[in-house]
Amino acid sequence: MNRAFIHLLPLVLVGCVLRQPGGSTGGETDGGATSGGETSASGGGSGTTTAAPGPTTTGGVDATSAVTGSETSLPFIAPSDGGASDCSCDQWMQDCPPGRKCMPYSGDGDYSWESLKCVDVVPEPDGLYEPCSVFGSGVSGEDSCDVGLMCWDFVDGVGHCVGMCIGSPDAPDCADPAADCHVAADGALTLCLPMCNPLLQDCPGGDDCVPNPQDSSRFLCVFDGEDQGQVFDPCQYVDECAKGLFCQSPGSAVECDLQGLGCCVPFCDVSLAGACPGQGQVCLPWYVDDEAPPGFENVGVCGLP
């Protein structure tokens with residue numbers, strides 16, 4: 001079963017260069033990945049013979065995040081820093097000729113997205129959230145979705161169309177109000193992923209609900225990767241833990257390996273007593289003061305007081 005993941009791979013930009021602010025070129029991410037797992041398979045493009053990687057981070061990610069309301073720092077897909085693109089097309093503007101669309105692809109053969117190009121739109125293309133197919137490699141940039149959409153969450157080349165972000169790198173948005181923009185691969189990958197509730201784990205298709213690294217007050221649906229960590233297992237990425245857990249600071253539980261980058265700990269309901277499994281752990285509110293959106297007032301994460 002081939003499935004694409006979204007841990008951001010170290011990127012070496014060849015061909016289409018994504019420029020960072022100030023004119024420098026970015027070849028690697030500096031953070032820690034949209035539909036997420038590992039290099040061998042989740043989220044945005046698996047080939048017909050090999051599952052596409054999701055973007056992964058460049059080496060280790062500092063997972064020493066501490067919950068401080070919406071200020072939690074997260075080891076997940078490294079966000080773009082808003083650089084412009086020297087590519088032949090702009091996925092924010094969808095400025096390709098009629099009958100074509102601007103899509104991320106792998107231009108250097110390393111099986112991770114780092115470039116953009118115009119590709120043909122198929123006759124009678126698939127619409128938002130409809131089933132779709134990817135053609136050739138999972139990072140070929142070619143699929144059966146309409147303009148402004150990308151085939152995602154696929155298994156063995158078959159997935160569903162998700163929206164690409166609209167607006168601009170400085171003011172990203174999504175056409176679907178139930179989705180949130182997630183930018184990865186130094187800005188080459190811009191996806192509108194469904195929002196969710198981590199206590200309900202209400203993602204379609206059994207995907208995991210984890211914090212959006214670009215706005216930790218919101219939660220996104222990502223692939224449930226293989227070999228996911230269990231409670232107190234070491235981890236490196238937010239989406240590396242089993243459903244209902246996420247990668248927090250190793251100081252969140254005495255059972256965690258303090259030498260590791262991170263540790264899988266549970267989300268919890270602050271209204272329930274004894275909601276956390278660790279020695280001395282309590283359920284810490286995710287949101288501070290009255291910042292919780294409706295329905296998220298009881299969202300918390302297990303940690304030490």
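Scroll up to find the structure.
Residues numbered from 1 in each chain as written. Predicted model: local features only at pLDDT ≥ 70, side-chain atom pairs only at ≥ 80, totals over all residues. Heavy atoms only, no water.

A. Structural detail: the layout of surface pockets. Of the volumes computed, that of the second largest pocket is approximately 170 Å³. What lines the second largest pocket is a set of 16 residues, among which Gly148, Gly163, Met164, Ile166 and Ala175 lie closest to the centre. (1 Å grid on protein atoms, 1.4 Å probe; cavity = no way out; pocket = protein on both sides within 12 Å on 5 of 7 lines; lining within 4 Å. Points joined across faces, edges and corners; volume = space filled by probe spheres on them.)

B. Spotlight on the state of the cysteines. Enumeration according to the criterion identifies 13 disulfides in this entry. A disulfide bridge connects Cys145 with Cys161, and the sulfur atoms are separated by 2.1 Å. Looking along the S-S bond of the Cys145-Cys161 disulfide, the torsion reads about -95°, which is the left-handed sense. Taken together, the residues Cys145 in the loop between β3 (131-133) and β4 (149-155) and Cys161 in strand β5 (residues 158-164) connect sequence positions 16 residues apart. By the burial criterion, Cys145 is buried, and Cys161 matches it. Note on cysteine connectivity: Cys174 is disulfide-linked to Cys192, with sulfurs 2.1 Å apart. Here the S-S torsion is close to -100°, and the disulfide linking Cys174 with Cys192 is therefore left-handed. Here the residue Cys174 occupies a position in the loop between β7 (171-173) and β8 (179-184), and Cys192 occupies one in strand β9 (residues 189-194), the gap between them amounting to 18 residues. Given the relative accessible area of 8%, Cys174 is considered buried. (Disulfide = S-S within 2.5 Å. Helix = DSSP H or I, 4+ residues; strand = E, 2+ residues; numbered from the N terminus. Buried < 20%, exposed > 50% of the residue type's maximum accessible area, 1.4 Å probe, protein only.)

C. Structural detail: the nonpolar core. In this structure, Cys196, Phe219, Phe246, Trp286, Tyr287 and Val299 are the most contacted members of the largest nonpolar core, which totals 20 residues. Listed by contribution, the elements that provide at least two residues to this core are β10 (208-212), β11 (215-222), β14 (262-269) and β16 (299-303). (Core = buried A, V, L, I, M, F, W, Y, C linked by side-chain atoms within 4.5 Å.)

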